[in-house]
Amino acid sequence: MTINEWCTHIDQWGRGKGFITSKGNMLAKLMLVVTECAEAAEDVRHERWDHFPEELADIVIRCFNIAGALNIDLEKAIETKMEVNHGRPYRHGTKSSA
């Protein structure tokens, strides 16, 4: 499946399970993404590398759900953003070594 097909599939699956994603509840949906990021961080902190991929998948699923629900062409958005990123200087926006 393409990224956009995954977005549509995940949105439709969620709707079938009673999960509605809309502009009206977007702050809550974004916080669910943050929660998944925090769970991934906990896996790193506790060196649970075997579980880490599952948390990354949860992050992507949440983001794809949002894109699908709002009919965002995520493939195009990624392409556009990567074009911007490719034009940025080395280590843009950071003074650290990370």
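Structure's up top.
Residues numbered from 1 in each chain as written. Predicted model: local features only at pLDDT ≥ 70, side-chain atom pairs only at ≥ 80, totals over all residues. Heavy atoms only, no water.

Student: Account for the overall build of the protein, naming residues and giving values.
Tutor: When helices and strands are tallied, the protein shows 4 helices and 0 strands. Starting at the N terminus and walking to the C terminus, you meet the elements of the protein as α-α-α-α. In terms of overall size, the protein is more extended than a compact globule, its C-alpha atoms giving a radius of gyration of 16 Å where 98 residues would be expected to give roughly 13 Å. Its C-alpha atoms give the protein principal-axis dimensions of roughly 45 × 35 × 30 Å. Looking at the protein residue by residue over its 98 residues, the buried ones come to 21%. Within the protein, counting contacts between residues at least 6 apart in sequence, those at least 24 apart form 63% of the total. (Helix = DSSP H or I, 4+ residues; strand = E, 2+ residues; numbered from the N terminus. Rg over C-alpha atoms; globule rule 2.2 N^0.38 Å. Buried < 20%, exposed > 50% of the residue type's maximum accessible area, 1.4 Å probe, protein only. Contact = heavy atoms within 4.5 Å.)

Student: Lay out the packing of aromatic side chains with the relevant residues and their values.
Tutor: The geometry of an aromatic ring pair is captured by two quantities: the separation of the ring centres and the angle between the planes. According to the stated counting rule, one finds 2 aromatic pairs in the structure shown. A centroid spacing of 5.6 Å and a plane angle of 70 degrees characterise the contact between tryptophan 49 and phenylalanine 52, whose relative ring orientation is edge-to-face. (Phe/Tyr/Trp six-rings, centres within 6.5 Å; stacked < 30°, edge-to-face > 60°.)

Student: Outline the packing of helix α1 (residues 3-16) against helix α4 (residues 74-86), supporting the account with residue identities and numerical values.
Tutor: When two helices pack together, their arrangement is captured by the angle between the axes and the distance separating the axes. Direction vectors running N to C along α1 and α4 enclose 135 degrees, while the axes themselves pass 7 Å from each other. Overall, the two elements α1 and α4 adopt an arrangement that is oblique. Of the residues in α4, those touching α1 at Ile3, Asn4 and Cys7 are Leu74, Glu75 and Ile78. Taken together, the residues of the contact of α1 with α4 break down into 4 nonpolar, 1 polar and 1 charged. (Axes fitted to C-alpha atoms, helices over the stretch in contact; angles between N-to-C directions. Parallel < 35°, antiparallel > 145°, perpendicular 65-115°, else oblique. Nonpolar A, V, L, I, M, F, W, Y, C, P; charged D, E, K, R; others polar.)

Student: How would you sum up the state of the cysteines? Please name residues and give values.
Tutor: Tallying each qualifying case throughout the model produces 0 disulfides. Between cysteine 7, a free cysteine, and cysteine 63, which holds the nearest cysteine sulfur, the sulfur-to-sulfur gap is 9.2 Å. Overall, cysteine 7 belongs to the buried group, its relative accessible area being 2%. Lacking any disulfide linkage, cysteine 37 is separated from the closest cysteine sulfur, that of cysteine 63, by 7.2 Å. (Disulfide = S-S within 2.5 Å.)

Student: Give a detailed account of the packing of helix α2 (residues 26-45) against helix α3 (residues 52-69), specifying residues and quantitative values.
Tutor: Contact pair α2 / α3: the axes reach a minimum separation of 8 Å and the direction vectors enclose 165 degrees. Comparing their axes, α3 and α2 come out roughly antiparallel. Crossing of α2 against α3: the hand is left-handed. Contacts from Met26, Lys29, Leu30, Leu32, Val33, Glu36, Cys37, Glu39, Ala40, Asp43 and Val44 of α2 reach α3 at Phe52, Glu55, Asp58, Ile59, Arg62, Cys63 and Ile66. (Left-handed = near helix turned anticlockwise from the far one by under 90°.)

Student: Describe the environment of histidine 51, listing the residues and the values that go with them.
Tutor: Position of histidine 51 among the secondary structure elements: in the loop between α2 and α3. Counting along the chain gives 12 residues from histidine 51 to glutamate 39, while the straight-line C-alpha distance between them is 9.8 Å.

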